[in-house]
Amino acid sequence: MGRSAKVNTAMPGKLDTTEADKKTPKSIIIYRGEVGVHVRSLMQEWRNVFLPWSSKKLHGKNKSLKDFLAVAATFSASHLQLFTAPSQGTSLRIMRFFNGPTLSFRVLSFTLHKEIVAKQRRPVSVDRAAWEVAPIVVLNNFTHPDLAHHAEVPLLTATFKALFPSLNVQTIQNCEIQRVCLFHYDHVEHVVEVRHYYVNARTVGVTKTVKKLLESRRPTKLGTLESIDEVLDQEDAWSDTDGEGEEVPLVQPFRQHREQCRVKLQEIGPRMTLQLNKVENGFAGGEVIYHRTEKKTLREVQVNASKVRARKTEKAKRRALQDENVQRKRQQREDKLERKRQRREMAAVAQQANPFEVAGGDSDGYAAGNEE
């Protein structure tokens, strides 16, 4: 027997085809160091949240941050998200190419897709089309009055918005509304709750049996009926038996629904609780502009800023000196090759002018040697 063809079940990605695609935010999501299987699963599911504008199979093993900086412009990537699992717990760093900022989060807790689905009464089957468009980002409670004096909250808002493509309410189509990514800021605990939902739509105005038929499902009691007319005779055809979700009128068709449907957000994971620990104004480094535990005076902030500027200046000087040395050595090699080429040309010209003359000797010595 021959081997069966392997079916590609990978989720769809997307390539840059227009200038608008190149400007769309894209995230490289990897892990570094020794992490457990649960953190790896979290990384894979976090990649799914950003589909189709995220890396699906890329790994960061044996690669430095400079390698990702080098390829970021080629693939028009906007962010690098890095999972690590040090002794203090799981952490997530969100870095913006190419000049920062860098936000460091502590992952206080997380729940994977299979754990969420195991507790649901009716798990949903996500359509493949849901992964072909980016989710709609929703920011909740980031403008609470108690957060007026927290300078890091506006930065969180700008960072989470920049991770996803912008939304135009005037031109968006219903087919582009498939998933929702929710960021909720707890102003009491000062943590960010992250949820990922699938927009589930159900038929309204019909019984459960008819609804299952419309949704291409097989009703359990259909085998006991002799004709489809008994479905309408035994039940009220216009009674709505599913009280979950909210009925909404449709201006545009949404999936198989044309005029009205019941919409419900169903969580598909992953679920995370993030705590902001540190903000740096550079890519994977730079001046610390916010720290959760270390509070510094204005004088200390100014001293640290001057130290950072001094280090950058010294680094720029070393880089300029290295470039100068490399250029000087390259020029020396080129000059040496040029002198060697000129000597060869002069020797060739001399040989052509006197073909009987041996290079490095004289004709008299050659003749005397022949006479002997």
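Scroll up for the structure.
A quick note: this is a predicted structure, and the numbers were derived from the prediction, not measured.

## Digging into the overall build of the protein
Along the protein, the regular secondary structure elements total 9 helices and 11 strands. For the protein, restricting intrachain contacts to residue pairs at least 6 apart in sequence, the fraction spanning at least 24 positions comes to 67%. Element-wise, carbon and sulfur atoms account for 52% of the exposed surface of the protein, whose accessible area totals about 24400 Å².

## Focus on the packing of aromatic side chains
Within this structure, the stated rule accounts for 9 aromatic pairs. When the ring of F142 is compared with that of Y185, the centres are 5.6 Å apart and the planes differ by 50 degrees; the resulting orientation is tilted. Placement of F142 in the loop between β5 (136-140) and α5 (152-162) and of Y185 in strand β6 (residues 179-186) is noted, with a sequence separation of 43 residues between them. Take F142 and Y185: they sit in the same class, and that class is buried. Note on F160 and F183: the rings are 4.3 Å apart at their centroids and 10 degrees apart in plane angle, and the pair reads as stacked. Taken as a pair, F160 in helix α5 and F183 in strand β6 lie far apart in primary sequence, 23 residues in all. Here F160 matches F183 in class, with each residue buried. What links up through ring pairs into an aromatic cluster is the set W46, F50, F105, F142, F160, F164, F183 and Y185.

## A word on the pattern of salt bridges
Pairing is possible between side chains of opposite charge, provided their charged atoms come close. Taken as a whole, this structure holds 6 salt bridges when the rule is applied. E193 is the partner of R195 in a salt bridge, and the nearest nitrogen-oxygen pair spans 3.3 Å. Given the relative accessible area of 19%, R195 is considered buried. A single network of salt bridges, built from pairs that share partners, joins E193, R195, E267 and R271.

## Notes on a positive patch on the surface
On the surface, a cluster of positive charge is made up of K336, R339, K340, R343 and R344. Within the secondary structure layout, K336 lies in helix α8 (residues 298-353).

## With respect to the pairing of strand β11 (residues 285-291)
Pairing analysis gives 4 bridges linking strand β10 (residues 271-282) to β11, with the strands arranged antiparallel. Across the sheet, the residue bridging to E280 is V288, located in β11. In textbook terms, the turn of a hairpin is the stretch between consecutive antiparallel strands, and for β10 and β11 this stretch comprises 2 residues, one of which, A284, has a positive phi near 60 degrees.

## Let's talk about the nonpolar core
One recurring pattern in soluble globular proteins is that nonpolar side chains are buried together. Of all hydrophobic cores here, the largest spans 32 residues; its most connected members are W46, F83, F105, L156, F183 and V192. Taken together, the elements giving at least two residues each to this core come down to α2 (37-49), β3 (91-96), β4 (102-111), α5, β6, β7 (191-202) and β10. Once residues lying within four places of it in the same chain are set aside, the contact partners of F83 are I29, I30, Y31, R32, V39, L42, M43, W46, T90, S91, L92 and M272. Counting residues in each nonpolar core, the second largest holds 10 residues, with L80, L82, M95 and F97 among its members.

## Things to note about the pairing of β3
Note: strand β2 (residues 79-84) against β3, 6 bridges, orientation antiparallel. Across the sheet, Q81 pairs through a bridge with I94, a residue of β3. Between the antiparallel neighbours β2 and β3 lie 6 residues, among them G89 with a positive phi of about 130 degrees. Alignment of β3 against β4, held across 5 bridges, turns out to be antiparallel. Its bridge partner being in β4, L92 is matched across the sheet by F105. Counting the residues between successive antiparallel strands, the hairpin from β3 to β4 contains 5 residues, one of them, G100, with a positive phi of roughly 85 degrees.

## Some points on the environment of H184
Relative to the helices and strands, H184 resides in strand β6. Spatially, the C-alpha atom of H184 lies 8.2 Å from that of V138, the residues being 46 residues apart in sequence. Apart from the residues lying within four places of it in its own chain, the contact partners of H184 are N140, N141, F142, V191, V192 and E193. At 2.8 Å, the side chain of H184 forms a polar contact with the side chain of N140.

About the criteria used
- Along each chain, the written sequence defines residue order, and numbers are assigned to residues from 1.
- pLDDT decides what is reported in this predicted model: residues at 70 or higher carry local features, side-chain atom pairs at 80 or more are listed and counted, and totals for whole chains, interfaces and linings draw on all residues regardless.
- Only hydrogens and water are set aside when side-chain values are computed; all heavy atoms of the structure are taken into account.
- The numbering of helices and of strands both runs from the N terminus, where a helix is a DSSP run of H or I of at least 4 residues and a strand a run of E of at least 2.
- In what follows, a contact means two residues having at least one pair of non-hydrogen atoms within 4.5 Å.
- Throughout, the Shrake-Rupley method with a 1.4 Å probe supplies accessible areas, and for residues the shown protein chains are the sole cover considered.
- Working definition: rings of Phe, Tyr and Trp (its six-membered ring) pair if their centres are within 6.5 Å, and the pair is stacked with planes under 30 degrees apart, edge-to-face with planes over 60 apart, and tilted otherwise.
- Type-normalised accessible area, obtained with a 1.4 Å probe on protein chains alone, sets the label of each residue: buried when under 20%, exposed when over 50%, and partly exposed for intermediate values.
- The term salt bridge refers to a pairing of a side-chain nitrogen on Lys or Arg with a carboxyl oxygen on Asp or Glu at a separation within 4 Å.
- A patch is a set of surface residues, each over 30% in relative accessible area and not in a salt bridge, joined within 9 Å for like charges and within 5 Å for the nonpolar side chains Val, Leu, Ile, Met, Phe, Trp and Tyr.
- For this count, His and the chain ends are skipped, Lys and Arg are scored as positive, and Asp and Glu as negative.
- Where a charge lies is defined by one atom per residue type, namely NZ (Lys), CZ (Arg), CG (Asp) and CD (Glu).
- By definition, two strands form a pair when at least two bridges between them are found by DSSP.
- In this description, a nonpolar core means a group of buried Ala, Val, Leu, Ile, Met, Phe, Trp, Tyr and Cys residues linked to one another through side-chain atoms lying within 4.5 Å.
- Two N or O atoms count as a polar contact when they lie within 3.5 Å, although within protein this holds only if one can serve as hydrogen donor and the other as acceptor, and sequence-adjacent residues are included solely when both atoms are side-chain atoms.

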